[in-house]
Every structure is written in C-alpha cells, then in structure tokens.
Amino acid sequence: MFAGYHKEFGLHPMNTQTHVLIATALFARSGVGNRARNVAAVAGGFLPDLPIYLMFLWSKIVGAPEMEVWETWYFNPPWQTATDLSHSFVLYWLIAMIGVWVVKWGGEKSDRGVVMVIFALAAISHGLGDFLLHVNDGHAHFWPLSGWRFSSPVSYWDPRYYGQYFSIFEILLGIGLSVVLFRRFSGRIVRLVLVLCMAAYIVVPAYFVLVVGHH
C-alpha cells in the first residue's frame, strides 16, 4: 500500500493487491502440485510492500500522526532504506540466479529453485510497476549499487501526472484480473481472497478519504 501525498490533492493510495493480482496472474497455476509455486508468486507480489505495512502498523502503535508517517517517515531512513531494499531489482536478480543454479545443479532439490525463480520474478513484476508509476516518491530500485531514483512522467496517484486516469485503469485491471483468477482457481479460500481484493479497492480509498483526510 503506497500513499502519495500532496497538500493540494491529499492522499491517494495504490493498492498492494494490484501487484499481487498481477504476479499471481502471471506466475500462479492451478493444481495441487503447484501450491509452492503459487505461494511464491503471491509472496513475491506482496513482499516489496511489507516494510510499508510494518511502518503503518508501527505508526499506530506509537500514535504518530498520519501526515508525519506519509510526509516524513516514508521519505527518510530507516523506512525508506527498508523499502529501497525490498524493491531492489539487484536483490531479486540474485535470488533468481541462485534459483536457476539450484534448478540446474540441485538434483532432488531442483523444485526449490523453481520456487525461488517464481518468487523473484513476481517481486520484479511488482518493482517494475512501481518503477514506471512513481514521479517524486519512487524507490532506489538498483540499491545497493546505486541510490538513483527514476522519476516517471506518469504517477499512480497524482492528477498532475495523469494519476486520475491511472487510478481508474488500476481498478479496472484489478477487477479484471480477479475475474481471470476466479475462473482459474476453484478453491473457496482462493476465491474468498479474490473477493476481498476487489473489496479493498473500495475500503482502502475510503480509509484515506474518511480517516486520514480528517487528520
């Protein structure tokens, strides 16, 4: 969950479940034998945002004001360092290369290598989405080799950079992917999670508008 903030336009969330849905649609497959692969796809789609959730949780524990969290914490260590690490293409490339090595030389453990590669590719798909959709609030995707942050001409939230159009596209994409995955997987738990993902497109923005917007 990202929260772009601008004093004039307010807070606008991008939903982590969009990343998870994309990664799952790309890399998850139906069938009991693909369970480890599918968990890796979901985990890889989610993990880059984990530090942000931890930051949000910690802010609630210590009672930090919402604006301080998104205007200050998000852009400074240790939270910025953590999100740079969790969005690092370098880190996931290394994991993928180790996974390829395990597939080739791991013998009976080669399946673990496949899981590592799927996890890394899912995380990279998350990072690519962020790389292309952050203007002034991006990550250092090549950490620790470089602290450079790409400034995209398109923002996932800021209307000055087409954010209002992308927000609509994101919701439509998320619903579309949920429908595709609903048809791919017949398990009740999976389908319940997909319904919750679609509901989050309403719940998360409502939280930022109704709760954060009044602080």
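Structure first, text after, so check above.
Counting restarts for each chain, with residues numbered from 1 along the sequence as it is written. Where local features are concerned, this predicted model is filtered to residues with pLDDT of at least 70; where side-chain atom pairs are given and counted, the filter is 80 or more; whole-chain, interface and lining totals use all residues. Water and hydrogen atoms were dropped before computing side-chain values, which therefore reflect all heavy atoms in the structure.

Participant: An account of the overall build of the chain is needed here, citing residue identities and associated values.
Facilitator: Looking only at helices and strands, the chain features nine helices and two strands. Of the regular secondary structure in the chain, the N- to C-terminal order runs β-β-α-α-α-α-α-α-α-α-α. The buried label applies to any residue whose accessible area, calculated with a 1.4 Å probe on protein chains only, is under 20% of its type's maximum; exposed applies above 50%, and partly exposed to all values in between. Burial status across the chain gives 44% buried among its 215 residues. Intrachain contacts of the chain at a sequence separation of at least 6 include 61% that bridge at least 24 residues. Accessible surface area values rest on a Shrake-Rupley calculation with a 1.4 Å probe, where residue burial reflects the displayed protein chains alone. Accessible area for the chain stands at about 11600 Å²; split by element, carbon and sulfur atoms hold 71% of it. For the purposes of this entry, the term helix denotes a DSSP run of H or I that reaches at least four residues, the term strand denotes a run of E that reaches at least two, and both are numbered from the N terminus. Note on definitions: a residue-residue contact is assigned when non-hydrogen atoms from the two residues lie within 4.5 Å.

Participant: Describe in detail the nonpolar core, supporting the description with residues and values.
Facilitator: Within the largest apolar cluster, 24 residues are counted, with the highest numbers of intra-cluster contacts made by Leu21, Tyr92 and Leu181. Examining the composition of this core, we find that seven residues originate from one element, helix α7 (residues 110–133), more than from any other. Dropping the residues within four chain positions of it, Leu21 is found in contact with Gly174, Leu177, Ser178, Leu181, Leu194, Cys197 and Tyr201. Listed in part, the eight residues of the second largest apolar core include Met55, Val69, Trp70 and Tyr74. What is meant by a nonpolar core is a set of buried Ala, Val, Leu, Ile, Met, Phe, Trp, Tyr and Cys residues, joined one to another through side-chain atoms within 4.5 Å.

Participant: Could you give me a rundown of unusual backbone geometry, with the residues and numbers involved?
Facilitator: That bond from Pro77 to Pro78 is cis: its omega, 0°, falls within 30 degrees of zero. By the secondary structure assignment, Pro78 is in the loop between α4 (66–71) and α5 (79–86). Each neighbour pair has its own omega, and for Trp143 with Pro144 the value is 5°, a cis peptide bond.

Participant: Can you tell me about helix α3 (residues 50–62), naming the residues and giving the values?
Facilitator: End to end, α3 covers 18 Å across 13 residues, agreeing with the expected 18 Å (1.5 Å per residue, within 8%). Restricting attention to buried positions, one finds in α3 the residues Pro51, Ile52, Met55, Phe56 and Ser59. For α3, the angular spread of buried residues about the axis comes to 140°, placing them on one side. Just past α3, the residue Gly63 takes up positive phi, approximately 75°. Helix span, as expected, comes to 1.5 Å for every residue beyond the first. Starting at the helix axis, one direction is taken to each C-beta atom, and the arc is that of these directions.

Participant: How would you explain the side chain of Gln17 if you had to name every residue and give the values?
Facilitator: Along the chain, Gln17 falls in helix α1 (residues 16–27). Sequence-distant contacts of Gln17, defined by excluding residues within four places in its chain, comprise Cys197, Ala200 and Tyr201.

Participant: Mind laying out the environment of Val179, listing which residues take part and the relevant values?
Facilitator: Within the secondary structure, Val179 sits in helix α8 (residues 163–184). In this structure, the C-alpha to C-alpha distance between Val179 and Met198, residues 19 residues apart in sequence, is 9.6 Å.

Participant: Explain α5 to me, using residue names and the numbers behind them.
Facilitator: If you check which residues of α5 are buried, you get Gln80, Thr83, Asp84 and Ser86. In the core, the buried residues of α5 are packed alongside α3 and α6 (89–105).

Participant: Tell me about the packing of α1 against α7, residues and numbers included.
Facilitator: Between two packed helices, both the angle of their axes relative to each other and the distance between the axes serve to describe the pair. Whenever a helix is involved, its axis is fitted only over the stretch in contact; in every case the axis is a line through C-alpha atoms, and angles between N-to-C directions fall within 0 to 180 degrees. Here α1 crosses α7 at 135°, and the two axes come no closer than 9 Å. Our classification of the angle between α1 and α7 gives oblique. Of the two elements, α1 crosses α7, and the hand of that crossing is right-handed. Judged by residue contacts, His19, Ala23, Leu26 and Phe27 of α1 engage Ile118, Leu121, Ala122, Ser125, His126 and Asp130 from α7. A per-class count over the contact of α1 with α7 returns six nonpolar, three polar and one charged. Note on angle classes: values under 35 degrees are labelled roughly parallel, values over 145 roughly antiparallel, values of 65 to 115 roughly perpendicular, and the remainder oblique. Handedness of each helix crossing follows the sense of rotation of the near helix against the far helix: counterclockwise by less than a right angle gives left-handed, clockwise gives right-handed. Ten residue types, Ala, Val, Leu, Ile, Met, Phe, Trp, Tyr, Cys and Pro, are classed as nonpolar, four, Asp, Glu, Lys and Arg, as charged, and the remainder, Gly among them, as polar.

Participant: Tell me about the packing of aromatic side chains, residues and numbers included.
Facilitator: Only Phe, Tyr and Trp rings take part, Trp by its six-membered ring, and two of them pair if their centres are within 6.5 Å. Stacked means planes under 30 degrees apart, edge-to-face means over 60, and tilted covers everything else. The tally for this structure, following the rule as stated, stands at 13 aromatic pairs. Ring plane angle 85° and centroid distance 5.0 Å describe the contact between Tyr74 and Phe75, whose orientation is recorded as edge-to-face. Using a relative accessible area of 4% as the deciding quantity, one classes Tyr74 as buried. Here the aromatic residues Phe89, Phe131, Phe142, Trp148 and Phe150 are joined through ring pairs into a cluster of three or more. Across the ring face of Phe182, the terminal group of Arg191 is positioned such that the distance to the ring centre comes to 4.2 Å. Two limits define a charge over a ring: the Lys NZ or Arg CZ must be within 6 Å of the ring centre, and within 35 degrees of the ring normal.

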